[in-house]
Amino acid sequence: MNVLQNIYDNSPVFFQHIMTSVKGYQNTKNRFGRIYYEHREFLRDFDNWTLERKCEYQRKELIKFVRYAYENSSFYHELYKDIDIYSIENIDDLKKLPIVDKEMLRSSIEDVYTVNKKDALEGHTGGTTGKSLVVLMTREDMMKRMATLDHFKSKVGFENLKMRRATFNGKHIVPQNQRCKIFWRYNAACKQMIFSSFHITEENMKYYVDELNKFKPQALDGFFTSMCDIAGYIERHNIKLSFKPVAIFPTSETLTAEGRARLERVFDCKVYDQYASSEGAPFVVECQNQVLHIDLSTGVFEKFNADSNEVLVTSFTTHGTPLIRYRIGDSMIFADTEEVCNCGNNQPIVKKIEGRKLDFLYNAEGAKINSGNVSNLFKNIPNAIIRAQLVQDRMDEVTILLEIDKKIYKKEYDMLLLNEFEHKFGKNTRAIIKHVDEIPRAKSGKFQMIRNNIEVK
Ligand SMILES: [Zn+2]
């Protein structure tokens, strides 16, 4: 991967477009194969089922999945050794099983896996505590997840692969030493223009908007913060857009009402939210009425306890790294069961998703590096970081506090991390790594991955 990144970084921009597309076509094979199309078909059918039939499907999938984990994952086999796993017959029975948290997964991750690395796709997650976790995903599950996502988009008018989309994500598509103002690369495999989320400064935004006007995307997706910044610029400068997208699909961050309204005003289309983490959580997606519905075909959400809104997830598309009663760290407020939506979707309604905070740090040039990108700093350091916190007191410097697993952590990981930091923050922002025994908590007791002490502009 590093060799490829090196070649990429030292190639001319036109060749980087080609490499982006080649990578896109490779990914396509893993994401849009036969199972993807079969599952899209299934989901279209599933939409028309009665709620009872959907719940029965969910119950059967749950039984199958719990048995699968018990029989194939040595972690779950050990965890459930005193439980009669064959007595788990409905959603309520889940309570017989212990809760699994991030630290349990991280410290025994090799035992959790049910597949070999070489047969699986890797998902890297930093998560909101900066804990690095590598999840292995089967190709079949990956395709089902892509199908679920594209089915959701298709219901509000966007057909992935057939329509043009502009994506704002955390991919390193712009090399450090690039001089020209081209902050995007084209992935022809998905008709997708990928825009860098690391270079959105006041000075550069003009180029982003010009390119959007040229590309005329039919949907925008990716980081909410990045899209809101661009929308703010367009509004402030009264720029006329030459396109009108079908929809906007933010990922990874909690939406604010203000940001959402701004996006809808500026791009003259609706924003549809979704919930599905990189660890492989079940899906919650918005319908055409912008109401969040749980997708019962993808898993089970439970309340962690009566006093909080924290949820536990059991996800049917995590065969490689099973998640059962997993304390993912996000919170949701569920609507009363009587509440129905007139969109035609009879599945349970979620009033609100909390958790993925809109935190960010600055780089020396003033670009916002959002929490999604910050947590990805740790993704190449497999399973060795217990907790990380980034503290910023001045624009050109960030202190990284690390609580590490001393058995796994290697000295060279510091270099890896600094390298990754430079990629995301650029050469002019300095990082200082400090290894500590314990990272102090906020007064509320809650852990914060990001502490930005610079007054927010
Ligand atoms: Zn609805």
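Residues numbered from 1 in each chain as written. Predicted model: local features only at pLDDT ≥ 70, side-chain atom pairs only at ≥ 80, totals over all residues. Heavy atoms only, no water.

S.K.: In this structure, what is going on with the coordination of the zinc ion? I would like to understand it.
M.R.: Six octahedral donors around a metal ideally sit at 90 or 180 degrees from one another, while four tetrahedral donors ideally sit at 109.5 degrees. The zinc ion binds to the protein through C287 (SG), H293 (NE2), C341 (SG) and C343 (SG); the donor distances cover 2.1 to 2.3 Å. One can describe the donor arrangement at the zinc ion as tetrahedral, given that its four donor atoms subtend angles of 105 to 116° at the metal. Sequence spacing among the residues donating to the zinc ion works out to C-x5-H-x47-C-x1-C. Like H293, C287 is buried. (Donors = N, O, S within 2.8 Å, 3.2 Å for Na, K, Ca; no water. Tetrahedral: all angles 85-135°; square planar, octahedral: opposite > 155°, others 65-115°. Buried < 20%, exposed > 50% of the residue type's maximum accessible area, 1.4 Å probe, protein only.)

S.K.: Help me understand the domain arrangement of the chain in this model?
M.R.: It is common to give the size of an interface as the accessible area that goes away when the parts come together. Partitioning the chain into structural domains gives domain 1 (2-31 + 157-271), domain 2 (61-136 + 279-353) and domain 3 (360-452). The centre of domain 1, based on its C-alpha atoms, is set 25 Å off from the matching centre of domain 3. Contacts between the two partners involve 14 residues from domain 1 and, on the opposite side, 15 residues from domain 3. For the pair domain 1 and domain 3, the summed buried surface comes to about 1,200 Å²; carbon and sulfur atoms form 48% of the total. When the buried area of domain 1 at its contact with domain 3 is split by residue, H172, Q176 and F198 rank highest and sum to 49% of it. Summed over the shared surface of domain 1 and domain 3, the number is one salt bridge. As a salt-bridge pair, K368 and D229 come within 3.3 Å of each other at their nearest N and O atoms. (Domains from an automatic or database assignment. Contact = heavy atoms within 4.5 Å. Buried area = accessible area lost by both parts, 1.4 Å probe. Salt bridge = Lys/Arg side-chain N within 4 Å of Asp/Glu carboxyl O.)

S.K.: Is there a simple way to think about the pattern of salt bridges in this case?
M.R.: Side chains that differ in charge, positive against negative, can pair when their charged atoms come close. One pass over the full model with this rule turns up 35 salt bridges. Among the salt bridges present, the one from E403 reaches R387, with a minimum N-O distance of 2.9 Å. You can see E403 sitting in strand β19 (residues 397-404) and its partner R387 sitting in strand β18 (residues 385-394), a full 16 residues away along the chain. Among the residues examined, E403 registers a relative accessible area of 8% and is labelled buried. One salt-bridge network, held together by shared partners, links E103, R106, D405 and K407. (Helix = DSSP H or I, 4+ residues; strand = E, 2+ residues; numbered from the N terminus.)

S.K.: Quick question: what am I supposed to make of the sheet that holds strand β3 (residues 165-169) here?
M.R.: Two orientations exist for strands paired in a sheet by backbone hydrogen bonds: parallel and antiparallel. The mixed open sheet is built from six strands, whose spatial order is β4-β5-β3-β6-β7-β8. In this open sheet, the two strands that pair with only one neighbour each are β4 (184-187) and β8 (270-271). Sheet topology note: the β3/strand β5 (residues 192-196) ladder contains five bridges and is parallel. Paired with A166 across the two strands is M193, which belongs to β5. Along the sheet face, helix α2 (residues 13-31) touches β4 and β5 and points at about 45° away from the line of β4. (Pairing = 2+ DSSP bridges. Axes fitted to C-alpha atoms, helices over the stretch in contact; angles between N-to-C directions.)

S.K.: How should I be thinking about the confidence of the model for the chain in this particular structure?
M.R.: Where the model shows low pLDDT, its predicted coordinates should not be examined in detail. Mean pLDDT over the chain: 90, with 95% of residues reaching 70 or higher. Within the chain, the element-level pLDDT minimum falls on strand β1 (residues 121-125), averaging 80, and the maximum on β8, averaging 98. (pLDDT = per-residue confidence, 0-100.)

S.K.: What is the right way to look at the pairing of strand β7 (residues 247-251) in this model?
M.R.: Residues in a regular strand point their side chains to alternate faces of the sheet. When you tally the buried positions in β7, you get four out of five residues, the bulk of the element. Note that strand β6 (residues 219-223) and β7 share five bridges and pair parallel. In the sheet register, A219 faces β7, and the bridge partner there is A247. The sheet contact formed by β7 and β8 spans two bridges and is parallel. Within β8, the residue paired with A247 across the bridge is K270.

S.K.: Sorry if this is basic, but what is going on with helix α9 (residues 205-215) here?
M.R.: Of all the residues in α9, the buried ones are M205, Y208, V209, E211, L212, N213 and F215. Along its buried surface, α9 packs onto β3, β4, β5 and α10 (224-236). K216 sits one or two positions beyond α9 and adopts a positive phi of about 50°.

S.K.: Where do I start with the nonpolar core in this structure?
M.R.: Across soluble globular proteins, nonpolar side chains show a tendency to be buried alongside one another. Among the nonpolar cores identified, the biggest contains 39 residues, and V284 and I324 are the most heavily contacted of them. Excluding residues within four positions of it along the chain, I324 makes contact with F65, V66, A69, Y76, Y80, L94, L97, V100, V313 and T314. Judged by nonpolar contacts, the second largest core, of 34 residues, contains A166, L212, I248 and F267. (Core = buried A, V, L, I, M, F, W, Y, C linked by side-chain atoms within 4.5 Å.)

S.K.: I'm lost on the packing of α9 against α10 in this one. Help?
M.R.: Two elements in contact, α9 and α10, have axes separated by 10 Å at closest approach and are oriented at 90°. By the angle between their directions, the pair α9 and α10 is classed as roughly perpendicular. Taking contact as the criterion, the partners of M205, K206, Y208, V209 and L212 in α9 are, on α10, D229, I230, Y233, I234 and R236. Of the residues assigned to the contact of α9 with α10, the class counts are seven nonpolar, no polar and three charged. (Parallel < 35°, antiparallel > 145°, perpendicular 65-115°, else oblique. Nonpolar A, V, L, I, M, F, W, Y, C, P; charged D, E, K, R; others polar.)

S.K.: What is the right way to read the sheet that holds strand β14 (residues 323-334) from this model?
M.R.: One open sheet holds the seven strands; their spatial order is β9-β10-β11-β15-β14-β13-β12, and the pairing between them is antiparallel. Only two strands of the sheet have a single partner each, and these edge strands are β9 (274-275) and β12 (299-303). Each of β12, β13 (310-315) and β14 touches helix α4 (residues 51-72); the most contacted strand, β14, lies at about 140° to it.

S.K.: What should I look at first to understand the packing of helix α1 (residues 2-9) against α2 in this one?
M.R.: When two helices pack together, their arrangement is captured by the angle between the axes and the distance separating the axes. Where α1 contacts α2, the two axes come as close as 9 Å, and the packing angle between them is 150°. Of the residues in α2, those touching α1 at L4, I7, Y8 and D9 are Q16, M19 and T20. Taken together, the residues of the contact of α1 with α2 break down into four nonpolar, two polar and one charged.

S.K.: I tried to follow the packing of aromatic side chains on my own but got confused; where do I start?
M.R.: By convention here, two paired aromatic rings are described through the distance between centres and the angle between planes. Using the criterion set out here, one finds 28 aromatic pairs in the structure. On the numbers, 5.5 Å between centres and 70° between planes, the contact of F152 with F249 is edge-to-face. On the criterion of sequence distance, the pair formed by F152 in helix α8 (residues 139-154) and F249 in strand β7 is long-range, its members being 97 residues apart. Note on F152: relative accessible area 4%, which makes it buried. Residue class for F249 comes out buried when judged on its relative accessible area of 1%. Members of the aromatic cluster, joined through ring pairs, are F168, F183, W184, F195 and Y208. K368 extends its terminal NZ or CZ atom over the ring of F360, reaching a point 4.9 Å from the ring centre. (Phe/Tyr/Trp six-rings, centres within 6.5 Å; stacked < 30°, edge-to-face > 60°. Lys NZ or Arg CZ within 6 Å of the ring centre and 35° of its normal.)

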